[in-house]
Amino acid sequence: MIFYPTSAATNSGSSDIKHSNNNPTITQNLAIGTIWVNDNTGEVFVCTDNTKDANIWEGVKPNLKISPTTTDIVDFFEDGSGVALFQFDNSPDDTGGIYNGVEQGDVEYTKGKFNQALLLNGSNACIDLSSQMTGAYYSFSFWADWGNRSNRWERIFDFGEVQGSSWQCLICRHSYTSQLCYRNGAYNIYSDNNYIINGELHHYAIVQDGGTVKFYRDGDLFSTTSTSETPQQHSRSHCYIGKSNWISDEMYKGRIDQLRVFNRALMDDEIKQLYKEQ
C-alpha cells in the first residue's frame with residue numbers, strides 16, 4: 001500500500017534534507033519534519049511520525065503516505081473497510097483485538113507468508129470464533145496452502161449457523177475438485193476449474209461486487225460468475241476457521257495466513273496491493 005505524491009512538499013519544522021535514489025523506509029528513523037527527496041523521481045516527502053510502528057512520510061497531500069509495513073494494519077486501505085485480520089502469528093486472534101478466536105483440537109503454527117501461519121491437520125483442528133462474525137462482508141483475502149490432498153468441502157472459514165441455514169458466509173473447496181466455493185446467503189457460487197493449487201502457498205481473494213463474484217489468484221482476476229444474493233448482516237451463531245457447519249464435510253488440511261475480511265467490494269488494483277503487501 002504505497003502512494004506517491006505528484007508534486008513537492010514544503011517543510012516548516014526542520015531544515016534537514018535527505019537525498020536518495022529510493023523512497024524512505026522504516027530504517028530511516030529521522031526527526032519529524034525531515035525532508036526526503038527521491039533523486040530518481042523528484043518526489044518529496046516529509047516525516048510526520050517517526051515512532052517505530054508508524055514512521056510515516058507524507059507527500060504534498062495528507063492522504064499520500066509511505067508506511068514501513070502494512071502486514072499488521074487491519075484497516076489496510078484506511079477507509080474503514082477492514083473488518084478483521086487474522087495473521088496467525090502463534091495466535092488465533094484478530095490483530096485488531098475484536099474478533100478473537102479459540103483453538104480447538106491440535107492447532108499448530110508454522111512458517112507462513114508473513115512470519116507464522118495457521119497449520120490445520122484436517123481431522124480435529126480449527127479456530128472457533130463463536131457468534132462474532134455478524135456483519136455484511138464483500139471481500140476476502142488470504143494466503144493458503146491447501147496441502148497435498150483434497151479434503152471434501154474443506155473450509156477456509158464458515159461464518160454461519162447450523163447445517164442448512166440460509167445465513168452462511170463461507171469459502172471452501174467445492175467437493176473434491178480444484179474449484180473454490182463461495183457462499184454469502186443460501187446459494188453456492190463456484191470459481192472456474194484449477195483455481196485451487198494443492199501443496200503450494202498462493203494468494204487468493206474473492207470479491208462480491210453487486211451481482212458479480214470475482215475470484216483472484218496471486219493478484220490476477222481468475223474467473224467471474226453471478227449471483228442474485230446480496231451480503232447481509234445477520235446473527236451467526238457458529239463461526240469457524242477451518243471447519244464446516246455441515247457435519248459430513250471434512251476439515252481443512254494445510255496452511256492459512258493473513259486472512260482479511262472487508263465490508264466493501266475491493267477493486268482490481270486493491271487486490272494487487274494485498275498480493276504485493278510487505
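Residues numbered from 1 in each chain as written. Predicted model: local features only at pLDDT ≥ 70, side-chain atom pairs only at ≥ 80, totals over all residues. Heavy atoms only, no water.

1. Focus on the side chain of S81
Turning to its location among the elements, S81 is positioned in the loop between β5 (65-66) and β6 (82-86). The contact partners of S81, leaving out residues within four places of it in the chain, are D75, V261, F262, N263 and R264. (Helix = DSSP H or I, 4+ residues; strand = E, 2+ residues; numbered from the N terminus. Contact = heavy atoms within 4.5 Å.)

2. Comments concerning the pairing of strand β17 (residues 212-217)
For β17, the buried fraction is high: five of the six residues fall into the buried class. Summarising the sheet, strand β16 (residues 202-209) and β17 pair through six bridges and their orientation is antiparallel. If you follow V207 over to β17, its bridge partner there is K214. Connecting β16 to the next strand, β17, in antiparallel fashion are two residues, including G210 with a positive phi near 65°. In this structure, the hairpin formed by β17 and strand β18 (residues 220-226) is closed by a connection of two residues, where D218 is found at a positive phi of approximately 50°. (Buried < 20%, exposed > 50% of the residue type's maximum accessible area, 1.4 Å probe, protein only. Pairing = 2+ DSSP bridges.)

3. Topic: the packing of aromatic side chains
Under the defined criterion, the tally for this structure stands at 15 aromatic pairs. A ring pair is formed by F77 and F262, whose centres lie 5.9 Å apart and whose planes are at 45°; its orientation type is tilted. Here F77, found in the loop between β5 and β6, pairs with F262, found in strand β20 (residues 253-262); they are 185 residues apart in sequence, far enough to count as distant. The same class applies to F77 as to F262, namely buried. Where F142 meets Y204, the ring centres are 5.7 Å apart and the plane angle is 20°; that geometry is what we call stacked. Taken together, the residues span a long stretch of sequence, with F142 in strand β11 (residues 139-145) and Y204 in strand β16 at a distance of 62 residues. Taken individually, F142 and Y204 each receive the classification buried, so the pair is uniform in this respect. (Phe/Tyr/Trp six-rings, centres within 6.5 Å; stacked < 30°, edge-to-face > 60°.)

4. Examining empty space enclosed by the protein
Tallied over the full model, the rule gives one cavity of 30 Å³ or more. Its volume calculated, the largest cavity comes out at about 40 Å³. Along its surface, the largest cavity is lined by Y182, N184, Y187, I189, Q208, V213, T227 and E229. Taken together, the residues that form the lining of the largest cavity break down as four nonpolar, three polar and one charged. (1 Å grid on protein atoms, 1.4 Å probe; cavity = no way out; pocket = protein on both sides within 12 Å on 5 of 7 lines; lining within 4 Å. Points joined across faces, edges and corners; volume = space filled by probe spheres on them. Nonpolar A, V, L, I, M, F, W, Y, C, P; charged D, E, K, R; others polar.)

5. Some remarks on the confidence of the model for the protein
When pLDDT is low, close inspection of the predicted coordinates is not appropriate. Per-residue pLDDT for the protein has a mean of 86; in total, 85% of the residues score no lower than 70. A low-confidence stretch, residues 1-14 (pLDDT under 50), is modelled with 36 contacts involving residues beyond four sequence positions or located in other chains. (pLDDT = per-residue confidence, 0-100.)

6. Regarding the pairing of strand β13 (residues 168-173)
Of all six residues that make up β13, six are buried, and the element is covered over most of its length. As defined by bridge partners, strand β12 (residues 155-160) adjoins β13 across four bridges and the pair is classed as antiparallel. Bridge pairing in β13 places D158 opposite L170. Taken together, the six bridges between β13 and strand β14 (residues 180-185) define a ladder with antiparallel strand orientation. When the sheet's bridge partners are listed, C172 is paired in β14 with C181. Between β13 and β14, which follow one another and run antiparallel, lie six residues, and S175 among them has a positive phi close to 50°.

7. Some words on helix α1 (residues 268-276)
Think of an α-helix as 3.6 residues a turn; residues three or four steps apart then line up on the same face. Taken as a whole, α1 has its buried residues at E270, I271, Q273 and L274. All buried residues of α1 fall inside an arc of 155° around its axis, so they share one side. (Arc of directions from axis to C-beta.)

8. Things to note about the nonpolar core
Nonpolar side chains in soluble globular proteins tend to end up buried together. Formed by 38 residues in total, the largest nonpolar core has its most connected members in F142, L180 and I241. In contact with L180, not counting residues within four places along its chain, are F142, W146, I171, C172, I189, Y190, S191, Y195, I196, I206 and F215. Residues V207, F262, I271 and L274 belong to the second largest nonpolar core, which totals nine residues. (Core = buried A, V, L, I, M, F, W, Y, C linked by side-chain atoms within 4.5 Å.)

9. Observations regarding the sheet that holds β13
Sheet architecture is open: seven strands sit in the order β7-β10-β19-β12-β13-β14-β15, paired in antiparallel fashion. In the strand order of this sheet, the two ends are held by β7 (102-104) and β15 (188-190), each with one partner. This sheet shows a mean twist of 25° between the axes of neighbouring strands, independent of strand direction. (Axes fitted to C-alpha atoms, helices over the stretch in contact; angles between N-to-C directions.)

10. Regarding the environment of I171
Assignment of secondary structure puts I171 in strand β13. Other than its neighbours up to four places away in sequence, I171 contacts F140, F142, R155, I156, F157, L180, C181, Y182 and I206.

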